[in-house]
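A closer look at the structure
Spelled out, the chains give:
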Amino acid sequence: MRILGIDPGLRVTGFGVIDLKNHKLEYVTSGCIRSGTGELSQRLRIIFEGMSDIVKNHRLDHMVIEKVFLNKNPQTSLLLGQARGAAICAVVSRNIPVTEYTALQVKKAVVGYGHAQKKQVQLMVKRLLTLSQEPPSDAADALACAICHATIRNMGDVFDGTSYRVKKGRLI
């Protein structure tokens, strides 16, 4: 299974692609789509086109994106939601299923602590994917989203869903 993780942002959208093969994680690629500053419509176009290129260049089976948390400033949440929408539209237009996780769920799955700092996420992503160096923060968060989904998917395969199930990112 090839999984695309997305850490949405209006200025910088992180992405990371991993493979899940025989219950093992393999790094494929990661990076950032930088839309900079300027007109909102142009920034959203950059995100959409960047995501479209990623989808076109990698045979993806699934996409995972971080849910928006409510900021103190509602305008910031609205702008972030629009960036998420641009990324999601680029992927679902190719009939790729999308799953969403909160930052808390992702950090808990990857680091073991839901309130982990960004540096801890970077270190664990490096370790779990056996990378030679830590990925940039936004790319690490995107890879963490993909790892979270792979972990939950792996648990579902191991427990075959007959007596266990996943609810809100937890095995019950």
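Note that the coordinates shown come from a computational prediction; the quantities given were computed from them, not determined experimentally.

1. A look at the overall build of the protein
If you tally the helices and strands in the protein, you get five helices and seven strands. Along the protein, helices (α) and strands (β) appear in the sequence β-β-β-α-β-α-β-α-α-α-β-β when read from the amino end. Taken across its 172 residues, the protein has 42% of its residues classed as buried. Here the analysis covers contacts within the protein between residues at least 6 apart in sequence; of these, 57% occur between residues at least 24 apart.

2. Details of the nonpolar core
With 21 residues, the main nonpolar core has Leu4, Ile6, Ile47, Met51, Ile54, Met63 and Val91 as its most contacted residues. Only strand 1 (2-7), strand 2 (12-21), helix 1 (40-57), strand 4 (62-66) and helix 2 (74-92) provide two or more residues apiece to this core. Apart from residues no more than four positions distant in its own chain, Ile47 is found in contact with Gly9, Leu10, Thr13, Ile33, Ser35, Ala83, Ala86 and Ala87. Ile3, Leu20, Val125 and Ala146 belong to the second-largest nonpolar core, a separate cluster that totals 19 residues.

3. So, the side chain of Asp19
Checked against the element boundaries, Asp19 lands in strand 2. Residue class for Asp19 comes out buried when judged on its relative accessible area of 7%. Separated by 2.7 Å, the side chains of Asp19 and Arg2 make a polar contact.

4. Some points on the pattern of salt bridges
Applying the stated rule across the entire model yields seven salt bridges. A salt bridge links Lys21 to Glu26; the nearest nitrogen and oxygen atoms lie 3.6 Å apart. Residue classification places Lys21 among the partly exposed residues on the basis of a relative accessible area of 42%. Lys118 is the salt-bridge partner of Asp141, the closest N and O atoms lying 2.4 Å from each other. Taken together, the residues Asp141 in helix 5 (residues 137-159) and Lys118 in helix 4 (residues 118-128) connect sequence positions 23 residues apart. Given the relative accessible area of 42%, Lys118 is considered partly exposed.

5. Some words on the confidence of the model for the protein
For the protein, the mean per-residue pLDDT works out to 89, and 88% of the residues sit at or above 70. Predicted confidence for residues 157-164 stays below pLDDT 50, and this span has eight contacts to residues more than four positions away or in other chains.

6. Some words on the packing of helix 1 against helix 2
Direction vectors running N to C along helix 1 and helix 2 enclose 35 degrees, while the axes themselves pass 8 Å from each other. Every pair of crossing elements has a handedness; the one defined by helix 1 and helix 2 is right-handed. Counted together, Leu40, Leu44, Ile47, Phe48, Met51, Ser52 and Val55 of helix 1 and Leu79, Gln82, Ala83, Ala86, Ala87, Cys89, Ala90 and Val91 of helix 2 form the full contact between these two elements. Of the residues belonging to the contact of helix 1 with helix 2, the class tally is 13 nonpolar, two polar and no charged.

7. Observations concerning the pairing of strand 4
In terms of burial, strand 4 is largely enclosed, as five of its five residues are buried. Side chains His62, Val64 and Glu66 project from strand 4 onto one buried face, and the interleaved Met63 and Ile65 project onto a second face that is buried too. Across four bridges, the pairing between strand 1 and strand 4 is parallel. Bridge pairing in strand 4 links Leu4 to Met63. Taken together, the four bridges between strand 4 and strand 5 (residues 98-101) define a ladder with parallel strand orientation.

Rules and cut-offs
Residues numbered from 1 in each chain as written. Predicted model: local features only at pLDDT ≥ 70, side-chain atom pairs only at ≥ 80, totals over all residues. Heavy atoms only, no water. Helix = DSSP H or I, 4+ residues; strand = E, 2+ residues; numbered from the N terminus. Buried < 20%, exposed > 50% of the residue type's maximum accessible area, 1.4 Å probe, protein only. Contact = heavy atoms within 4.5 Å. Core = buried A, V, L, I, M, F, W, Y, C linked by side-chain atoms within 4.5 Å. Polar contact = N/O pair within 3.5 Å; in protein donor to acceptor, adjacent residues only side chain to side chain. Salt bridge = Lys/Arg side-chain N within 4 Å of Asp/Glu carboxyl O. pLDDT = per-residue confidence, 0-100. Axes fitted to C-alpha atoms, helices over the stretch in contact; angles between N-to-C directions. Left-handed = near helix turned anticlockwise from the far one by under 90°. Nonpolar A, V, L, I, M, F, W, Y, C, P; charged D, E, K, R; others polar. Pairing = 2+ DSSP bridges.

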